[in-house]
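# An overview of the molecular structure
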Amino acid sequence: MEKRKFKVLEMADTRTKMKGTKRVHSDYVYIWSGVDQKEHAKHGVGFLLHPETAKNLLDTQQISERIILIKLHQNQKVINYVQIYAPCNDSYSDEEKDKFFETFSDTMNNIPDNEKLMVMGDFNGKVGQRRDPWTKHLGPFSDNTTTAI
């Protein structure tokens, strides 16, 4: 983070349990949202904040093991960062996917219009064989069978 001068780093598929905030290496702040303690560690989302950025933290909402929101005061503006880890299209029921996107939509709708919004995460979308015009943005791996954009 220091080399690239990142102030906010998002994380998906952290496989952490519970919800929490703690100081880690060099006073960086790790904020996470995971599954209950009794569950197998899966999913999980989080943020790692530069120590100076962490001083401007206004609010944290650990909504689920797939959605987390932090609110920061930056450059005289309030910015909401939402980190998500969407369910895979093939591995989850329509009910589970619908519940995720409903919660995600509710989260977006609760952000005041006068505040900025940054959405980050793993949407688990598939692009399959169709690579143009995104070739320079996509990695070389795909399932080579589907296109679901």
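Just so you know, these numbers come straight off a predicted model, no measurement behind them. (Residues numbered from 1 in each chain as written. Predicted model: local features only at pLDDT ≥ 70, side-chain atom pairs only at ≥ 80, totals over all residues. Heavy atoms only, no water.)

## Examining the overall build of the protein chain
Note the threshold: Segments assigned H or I by DSSP are reported as helices when at least four residues long, segments assigned E as strands when at least two residues long, and all are numbered from the N terminus. By definition, residues are in contact when any of their heavy atoms lie within 4.5 Å. In this description, accessible areas are obtained by the Shrake-Rupley approach with a 1.4 Å probe, and a residue is regarded as covered only by the protein chains that are shown.
Of regular secondary structure, the protein chain possesses two helices and eight strands. Sequence-distant contacts, at least 24 apart, represent 46% of the contacts inside the protein chain between residues at least 6 apart. When the accessible area of the protein chain is evaluated, it comes to approximately 9,800 Å², of which 48% is carbon and sulfur surface.

## Re the sheet that holds strand E1 (residues 8–12)
Pairing between sheet strands relies on hydrogen bonds along the backbone, with the strands arranged either parallel or antiparallel. Stated precisely, the cut-off is as follows: At least two bridges found by DSSP between two strands is the condition for calling them paired. Every angle, taken between N-to-C directions, lies between 0 and 180 degrees, and every axis is a line fitted to C-alpha atoms, over only the stretch in contact when it is a helix.
The strand order across the open sheet formed by four strands is E1-E4-E3-E2, and the pairing between neighbours is antiparallel. Across the chains shown, the open sheet's two edge strands, defined by having one partner strand only, are E1 and strand E2 (19–23). Averaged over neighbouring strand pairs, the angle between their axes works out to 15° when direction is ignored. In this sheet, strand E3 (residues 29–33) lies alongside E2 in antiparallel orientation, the contact comprising five bridges. Residue Lys22 lies in a different strand from E3, and its bridge partner there is Tyr30.

## Overview of unusual backbone geometry
Convention followed: For the exposure calls, accessible area comes from a 1.4 Å probe over protein chains only, and a residue counts as buried if that area is under 20% of its type's maximum, exposed if over 50%, partly exposed in between.
Although it is not a glycine, Lys5 adopts a positive phi angle of roughly 60°. When you line up the elements, Lys5 lands in the segment before E1. Positioned with a positive phi, Arg15 is a non-glycine residue whose angle comes to about 55°. As for its placement among the helices and strands, Arg15 is situated in the loop between E1 and E2. Judged by relative accessible area, which is 48%, Arg15 ranks as partly exposed.

## Observations regarding the sheet that holds strand E8 (residues 116–122)
Strand order in this open sheet of four strands is E5-E6-E7-E8, and the pairing throughout is mixed. Looking along the sheet, the strands with just one partner apiece sit at the ends: strand E5 (57–62) and E8. Sheet twist, expressed as the average angle between the axes of neighbouring strands with direction ignored, equals 15°. Packing against the sheet, helix H2 (residues 94–109) makes contact with strand E6 (67–74), strand E7 (77–85) and E8, and its axis sits at approximately 175° to E7.

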